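Single-letter residue listing:
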Amino acid sequence: MKLRKIIEFVIEKLIFLCGVASILFVILIFAFLLKEGISFFREVSFGKFIGGKYWYPISEPPQFGILPLVLGSLLVTLGAIIISVPLSIAAAFYISEVAPLKIKDILKAAIEMLAAIPSVVLGFIGMVTLVPWIKKVFNLPTGLTALSGSIMLGLMAMPTIISISEDAINAVPRSYKEGALALGATRWQAMYRVIIYAAMPGIIAATMLGIGRVIGETMAVMMITGNAAVIPHTFLQPVRTLTATIAAEMGETVHGSMHYYSLFAIGIILFAITFIINFTADLFLHRNRK
Amino acid sequence: MKTTTKQKIAFGFLLLCTVIVVLPVLFVLAVIIKNGSSAVNWEFVSAMPRDNMKAGGIYPAIIGTVYLVCLSTLFSLPIGLFAAIYLHEYAKENMLTRLIRLAIVNLSGVSSVVYGLFGLALFVTFLKFGVSILSGALTLAIMNLPVIITASVEALASVPYSFREVSLSLGASKWQTVRHSVLPFAVPGILTGAILSLARAAGETAPILFTVAAFYLPNLPHSIFDQAMALPYHLYIISTQIPGITREMRYGTALVLVGIVFSMNIFAVIIRSKFRKKKKW
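Residues numbered from 1 in each chain as written. Chains lettered and ligands numbered in written order. Predicted model: local features only at pLDDT ≥ 70, side-chain atom pairs only at ≥ 80, totals over all residues. Heavy atoms only, no water.

*Asks:* Describe the overall build of chain B, with residues and values.
*Replies:* Check the secondary structure of chain B and you find eleven helices and two strands. Across chain B, helices and strands are ordered from the amino to the carboxyl terminus as α-α-β-β-α-α-α-α-α-α-α-α-α. By principal-axis analysis of the C-alpha atoms, chain B measures approximately 70 × 70 × 35 Å. Burial status across chain B gives 55% buried among its 281 residues. Considering only residue pairs separated by 6 or more positions, chain B has 73% of its internal contacts joining residues 24 or more positions apart. About 12500 Å² of surface is accessible on chain B, with carbon and sulfur atoms providing 67% of the total. (Helix = DSSP H or I, 4+ residues; strand = E, 2+ residues; numbered from the N terminus. Buried < 20%, exposed > 50% of the residue type's maximum accessible area, 1.4 Å probe, protein only. Contact = heavy atoms within 4.5 Å. Areas by Shrake-Rupley, 256 points an atom, 1.4 Å probe, with all protein chains shown as cover.)

*Asks:* Account for the environment of B:Val22, with residues named and values stated.
*Replies:* Along the polypeptide, B:Val22 turns up in helix H1 (residues 3-36). When sequence neighbours within four positions are dropped, the list of residues in contact with B:Val22 reads A:Leu107 and A:Ala110.

*Asks:* So what about the pattern of salt bridges? Which residues, and what values?
*Replies:* Residues and elements named next belong to chain A. Taken as a whole and judged by the stated rule, the model has nine salt bridges over all chains. The partner of Lys177 in a salt bridge is Glu97, with the nearest N and O atoms 3.1 Å apart. Placement of Lys177 in helix H7 (residues 174-182) and of Glu97 in helix H3 (residues 67-98) is noted, with a sequence separation of 80 residues between them. The class of Glu97 is buried, set by a relative accessible area of 15%. (Salt bridge = Lys/Arg side-chain N within 4 Å of Asp/Glu carboxyl O.)

*Asks:* Outline the packing of H3(A) against helix H9 (residues 200-216) of chain A, listing residues and values.
*Replies:* Residues and elements named next belong to chain A. Running from N to C, H3 and H9 cross one another at 140 degrees; their axes reach a closest spacing of 10 Å. Here H3 lies oblique to H9, going by the angle between them. Viewed along their axes, H3 and H9 form a crossing whose handedness is right-handed. Across from Thr77, Ala80, Ile81, Val85, Ile89 and Phe93 in H3, the residues of H9 making contact are Ile203, Thr207, Gly210, Ile211, Val214 and Ile215. In the contact of H3 with H9, the residues fall into nine nonpolar, three polar and no charged. (Axes fitted to C-alpha atoms, helices over the stretch in contact; angles between N-to-C directions. Parallel < 35°, antiparallel > 145°, perpendicular 65-115°, else oblique. Left-handed = near helix turned anticlockwise from the far one by under 90°. Nonpolar A, V, L, I, M, F, W, Y, C, P; charged D, E, K, R; others polar.)

*Asks:* Tell me about the packing of aromatic side chains, and please be specific about residues and values.
*Replies:* Any two aromatic rings considered together are summarised by their centre-to-centre distance and by the angle between their planes. Across all of its chains, the model carries 22 aromatic pairs over all chains by this definition. Residues A:Trp188 and A:Tyr192 carry aromatic rings whose centres are separated by 5.1 Å and whose planes lie at 35 degrees to one another, so their mutual orientation is tilted. Taken together, the residues span about one helical turn, with A:Trp188 and A:Tyr192 both in helix H8 (residues 187-198) at a distance of four residues. Residue classification places A:Trp188 among the partly exposed positions, given a relative accessible area of 22%. For the pair B:Phe118 and B:Phe123, a centre-to-centre distance of 5.9 Å together with 70 degrees between the ring planes defines the contact as edge-to-face. Every member of this aromatic cluster is reached through a ring pair, and the members are A:Phe40, A:Phe41, A:Phe46, A:Phe49, A:Trp55 and A:Phe64. B:Arg164 extends its terminal NZ or CZ atom over the ring of B:Tyr161, reaching a point 4.7 Å from the ring centre. (Phe/Tyr/Trp six-rings, centres within 6.5 Å; stacked < 30°, edge-to-face > 60°. Lys NZ or Arg CZ within 6 Å of the ring centre and 35° of its normal.)

From the geometry alone we can't say anything about function, so treat these as descriptive.
Right under this line is the structure:
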C-alpha cells in the first residue's frame, strides 16, 4: 500500500517535470544561442550588424552586415505571402463551407500530403522544374531568384494557413450563418458579409503562422534562391535569406571564429522573429476562443 | 445580376483557388514518380554508394535515417506523452499552464535551422556528444515535441469525462484513473501523432546538417556516437553539391524519401480512421 503511494508520487512528479519541459527547452534554446552569439556582439555592435550593407564574413577585414540577408528574407516572405494568403483563404472557405463531404475529405488529405512533403524534396523539384521555367519565361541569366523562392515557399505555407483558417471558419457559431440565411442572404453573402468577419482573428493568426513558417524555412529556399548576399531590388534576382546563410556557411566555419559566432547571432535574430510572430498569433487565436 | 448567379461565380472562383492549391501536390508527386521509378530497384536501396556516389545505392542513407527517426522518437514520445497528460489531466488553469502552452507554440514555430544551431551548441559542443546520431536524434526529438504533445492532448480530450468520473468514484487514484481508464482509449490518437512526427523527422534536413550528417561514409554507423548519412541530406548534396550525378539517382533518392514519409502518413491515417469506426461512445 505504501509502495503504491510512493510510486504514484514519483510518477506524478515525473509527469509534472515533462509538463514543464517545454518551457525548459525554450529557455535552453535561447540560452545556448545567446551563449555562442554573445561573443560576436562583444566585437561588432548591434547597429552595425543589423544595418550593415555588406556580408563578407571571410574577407580581410570581415564585414558582418546582415541587411542584405534580412531584406532577402523579407522579399521572399512578402512574395510567398502575396501568393499563398488569398489562395489559402479561398481554399479554406471552399473546403469548410462549399465542398460536399466526400470532396472535402479528399481535399483535406491532399493538403495534408502537401504539408508532409519534406522541404528538401520541394527544393529539389523546384530546382529541376520551376527554376528553368522562370529562367525561360522572364528571359533571365539565371532562374535562381527571389520569385522562385516565393512560389515554392508560398506552396509550403498553404497547408498551415488553410488548416488554421478552416478551424477558425468552423468555430464561427452556426447561429451567425443561420441568422444571415434566415434574413434572405445567399450562402455566398453569408460567407463574405458575416462569416469572414467572425473568423477574422483566426485568419489573421493563420496568416501570421504562415509567415513564421516561411521566414524559418531553410532547405528549399537555400536550393532555389541563388544565395547571392546582395541587397535585392526586384523579385527577379538572386537573394540570400537569413536561414540559408546559416545552413550554407556553418559547415565551412572554424569552430570559435567570428564567422562561427556571427551565424549564432543570426540565429538569435531568427529566434526573436519567430518568437514574436508566434506569440502574437497565439494572442489572436486566444481572442477567437473567447 | 441575380444574387444566385453571383454565388455561382463566387463558388466557381473558390473552387478554382482550391484546385490551384492542390494541383502542385499532384504535379510534384507525378514528376518524382515518373522520373524516379526507373532508378529505384533492389540494388538502389540495398547497396553502398560507389564511384563518388555517382553509382550504386543509397543504403547507408536509408539506415542513417531509420536510426535517427527511431532514436528521436524514443526520446520525444515519453516526454511528449507525459507532458500531454500533465496538461490535460493534471494542470489547473493558471499562469504556469499558460506559460507551458506558450512554450509549446514557440517550439513549434522555431526555424528548423535554428534547431540545428541549438543542437550544435548544446549536444555537439557543450555536452561533447560530437557530430553523432545521438546529437541529431536529440535535436529532432525536441523539434518534434510540440507535434506529439498536441496530438496526445487531442487524443486525451477525446476520451469522455464520464470514464474518469466512474473510475474516481470507485476509489481509484488520479494516476490509476489515467493509467487504466483514460490512456487505453487514447492510444490510437497518440499513435497517430507519434507516426506523423516520425514522418516529419525523417524528412527534416536543416536540424541534422551540423549535428549528424556525413557527406559520405564507407561504413555503416556502429554506435549512436557515430556520424551517419541521412536520406534528406543525401538528396541535398547530390542535387546541389556534387556535379555529374545522373538524373535517375536524384529522382530515385527523392522517390525513396517521399515514399518513406508518405507511407508513414498513410499508415497514421489508416490507424486513425480504423479506430474512429470502432469507437462506441
